[in-house]
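# Reading the structure
The lines below spell out each chain.
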Amino acid sequence: MPVLVMKFGGTSVANLDRIRRAAKRVGVEVAKGYDVIVIVSAMSGKTNELVGWVNETSPLYDAREYDAVVSSGENVTAGLMALTLQEMDIPARSWQGWQVPVQTTSAHASARIQDIPPANIEAKFAEGMRVAVVAGFQGVSPEGRITTLGRGGSDTTAVAFAAAFGAERCDIYTDVDGVYTTDPRISSKARKLDKIAFEEMLELASLGAKVLQTRSVELAMRYKVKLRVLSSFEEQSDAAGTLVCDEEEVMENRPVSGIAYSRDEAKMTLLSVADRPGIAAAIFGPLSEAGINVDMIIQNIAEDGRTDMTFSCPVEQVKRAEQAMQEAKDKGDINYHNLVADTDVAKVSAVGIGMRSQSGVAATMFKTLSDEGINIKVIATSEIKISVLIDRKYMELAVQALHDAFELEKPA
Ligand code: ADP
Ligand code: ASP
Ligand code: MG
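In short, a report on the structure.

## Details of the overall build of the chain
Looking only at helices and strands, the chain has twelve helices and 18 strands in total. Computed over the C-alpha atoms, the radius of gyration of the chain is 23 Å, within 12% of the 22 Å expected from 2.2 N^0.38 for a compact globule of 412 residues. Considering only C-alpha atoms, the chain reaches an extent of 75 × 50 × 30 Å along its principal axes. By element, 48% of the accessible surface of the chain is carried by carbon and sulfur atoms, the whole surface being about 18400 Å². Put simply, the chain has 44 plus and 57 minus side-chain charges, and the middle of one group is 2 Å from the middle of the other.

## Digging into the site of ligand 2
Around ligand 2, the neighbouring residues are Ser41, Ala42, Thr47, Glu74, Phe137, Arg151, Gly152, Gly153 and Ser154. The separation between an oxygen atom of ligand 2 and a polar main-chain atom of glycine 153 is 3.4 Å. Against a free-state accessible area of 260 Å², the protein chains account for coverage of 87% of ligand 2. Considering only residue class, the shell around ligand 2 consists of two nonpolar, five polar and two charged.

## A look at the environment of glutamine 400
In this structure, glutamine 400 sits in helix α12 (residues 395-405). Here the alpha-carbon distance between glutamine 400 and threonine 157, two residues 243 residues apart in the chain, equals 32 Å. If we skip the residues at most four places from it in the chain, glutamine 400 touches Ile186 and Ser187.

## Some points on the packing of aromatic side chains
Taken as a whole and assessed by the stated rule, the structure comprises four aromatic pairs. Ring geometry for phenylalanine 161 against phenylalanine 165: centres 5.9 Å apart, planes inclined by 10°, an arrangement best described as stacked. Comparing phenylalanine 161 with phenylalanine 165, the two get one shared label, buried. For the ring pair phenylalanine 284 and phenylalanine 311, a centre distance of 5.8 Å and an interplane angle of 80° mean the geometry is edge-to-face. Of this pair, phenylalanine 284 sits in helix α9 (residues 279-289) while phenylalanine 311 is found in strand β15 (residues 306-314), placing the two residues 27 residues apart along the sequence.

## A short note on the pattern of salt bridges
Opposite charge on two side chains permits them to pair, given that their charged atoms come into close proximity. Under the criterion given, the structure shown has 25 salt bridges. In this structure, the salt-bridge partner of arginine 228 is aspartate 171, at a minimum N-O distance of 3.0 Å. You can see arginine 228 sitting in strand β11 (residues 227-231) and its partner aspartate 171 sitting in strand β9 (residues 169-174), a full 57 residues away along the chain. Each member of the pair, arginine 228 as well as aspartate 171, carries the same accessibility label: buried. Linking aspartate 194 and lysine 192 is a salt bridge whose minimum nitrogen-to-oxygen distance equals 3.9 Å. Taking relative accessible area as the criterion, aspartate 194 reaches 58% and is therefore assigned exposed. For lysine 192, a relative accessible area of 25% gives the class partly exposed. The structure contains a network of salt bridges with shared partners spanning Asp17, Arg20 and Arg21.

## Quick word on helix α11 (residues 361-371)
Taken as a whole, α11 has its buried residues at Val361, Met365, Thr368 and Leu369. Down the axis of α11, the buried set is contained in an arc of 95°. They therefore lie on one face. Along α11, exposed side chains directed more than 90 degrees from the buried face belong to Ala363 and Asp371. Buried-residue contacts for α11 involve β16 (338-351), β18 (385-391) and α12. Phi for glycine 373, located one or two positions after α11, is positive at around 70°.

## Regarding the site of ligand 1
Close to ligand 1 lie 17 residues, the nearest being Thr174, Asp175, Tyr180, Asp183 and Arg185. In this structure, threonine 174 approaches ligand 1 through a side-chain N or O atom, which is 2.7 Å from an oxygen atom. Interatomic distance of 2.6 Å between a side-chain N/O atom of arginine 185 and an oxygen atom of ligand 1. A total of 570 Å² of accessible area belongs to ligand 1 in isolation, and the protein chains cover 89% of it. Tallied by class, the residues present in the shell around ligand 1 amount to seven nonpolar, five polar and five charged.

Conventions we followed
All residue numbers here refer to positions counted from 1 along the written sequence of the relevant chain. Ligands are numbered from 1 and chains lettered from A, in the order in which they are written. The model is predicted, so local features are restricted to residues of pLDDT at least 70 and side-chain atom pairs to those at 80 or more, both for listing and for counting; the totals for chains, interfaces and linings are taken over all residues. The basis for every side-chain value is the complete set of heavy atoms in the structure, and neither hydrogens nor water enter the calculation. Only DSSP runs of H or I covering at least 4 residues are called helices, and only runs of E covering at least 2 are called strands; the numbering of each starts at the N terminus. To get the radius of gyration, use the C-alpha atoms; to get the globule rule, take the number of residues to the power 0.38 and multiply by 2.2 Å. We get accessible surface area from the Shrake-Rupley algorithm with a probe of 1.4 Å; when it comes to residues, only the shown protein chains can shield them. Lys and Arg are tallied as positive, Asp and Glu as negative. Neither His nor the chain termini are counted. The atoms used to mark charge sites are NZ of Lys, CZ of Arg, CG of Asp and CD of Glu. Summary of the distance rule: residues count as near a molecule or strand when at least one heavy atom falls within 4 Å of that molecule or strand. N or O atoms closer than or at 3.5 Å make up a polar contact, with two conditions inside protein: a donor-capable atom paired with an acceptor-capable one, and, for residues adjacent in sequence, both atoms drawn from side chains. Amino acids are sorted into nonpolar (Ala, Val, Leu, Ile, Met, Phe, Trp, Tyr, Cys and Pro), charged (Asp, Glu, Lys and Arg) and polar (every other residue, Gly among them). Note on definitions: a residue-residue contact is assigned when non-hydrogen atoms from the two residues lie within 4.5 Å. In this analysis, rings of Phe, Tyr and Trp, with Trp reduced to its six-membered ring, are considered paired at centre separations within 6.5 Å, and the interplanar angle assigns stacked below 30 degrees, edge-to-face beyond 60, and tilted for intermediate values. Summary of the burial criterion: residues with accessible area below 20% of their type's maximum are buried, those above 50% are exposed, and those between are partly exposed, where the area comes from a 1.4 Å probe applied to protein chains only. Any carboxyl oxygen of Asp or Glu that lies within 4 Å of a side-chain nitrogen of Lys or Arg is treated as forming a salt bridge with it. Taking the helix axis as origin, the arc is that swept by the directions to the C-beta atoms.

All quantities given are derived from atomic positions and should not be read as evidence of function.
Here it is as structure tokens:
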């Protein structure tokens, strides 16, 4: 029988009533003749609560135990979803990551899926099971320990299952009815897109649009998974939501197609480091080993053989980054006068594949921010995006002003 993957995010399984509503949608697809793999998130707010408990217990926690704790939210919803389906007379059972098994790397808290052998679940489908409910976000390392895939990782679980089982489609059910030109919670003028190109979705996701986890888009692109984002709160229809697809299938042609933001950024500056060959490697090597996701980097012009090095990273990694730099300094690998952390910054980005061929996007972006009196602290560009780091208090304003400036409320 054809396989369909349906993923339900936190708000779609937030309580027993929501789980029942989600299960009804699954029932509709089962009735059409699909074998369904349902991927569930934890109830909304649950993972944040678990992360909070870990941080309170141990600020520089052992990531293996972090994973043991934060993966547990999905176990609850997987079991409840299977029970709900059974109550509807649909043959279903739950699977935790290790039972499938979802084999991952040992990079705890940000593990990557390496393989999902389909045999165990396929055997159950062959015996008449119609729905496999799989706990999202989790897997098992080669050492046999529980891993998690990074925040928002259930999206990636869903796409990986769709690829492993050759699913006809991967439907991501969430609390908005598709992918918008920007977060509809920030701008009331945000417009829903019927289609978005993989490359643009990838860039938007990696720049903070949490509607899909970045890795899920990467996988969908690589394995040609038909990926759709839709609301679990609205009427069921085959044409609903946003389809993430190849560039050629998207009709809109404009320089910018979306604005993304990332609220919880930090800007860290190492003051007065020696300007010598190998200094960047001596700084960013230890940061990488400490698992810091360094994003933007600026090296100032040197004066008297010393320079300042600035980088940005997620705000929750500041303590770890400081520790890594202090250790490198203590070992004599680097020398700096001071490490200054600005934890009140946010990143705002304009994304569009049209930028490849149309100029003037950066100029419009800088002028718009300047007209709003917003100071730019760091700039980074690539072929299809421009990002700026600004004071967090201006983030919403910047997103709205840029959305207006690029006229994203109007269909192209
Ligand atoms: P789930 O729990 O279902 O995985 P998430 O909270 O992870 O849901 O993702 C959905 C949220 O993503 C929306 O509620 C919305 O606020 C946010 N979001 C950010 N950028 C966008 C965008 N461009 N389009 C749609 N939603 C977006
Ligand atoms: N529950 C996890 C999180 O909140 C994974 C997910 O929902 O995708 O990050
Ligand atoms: Mg999510």
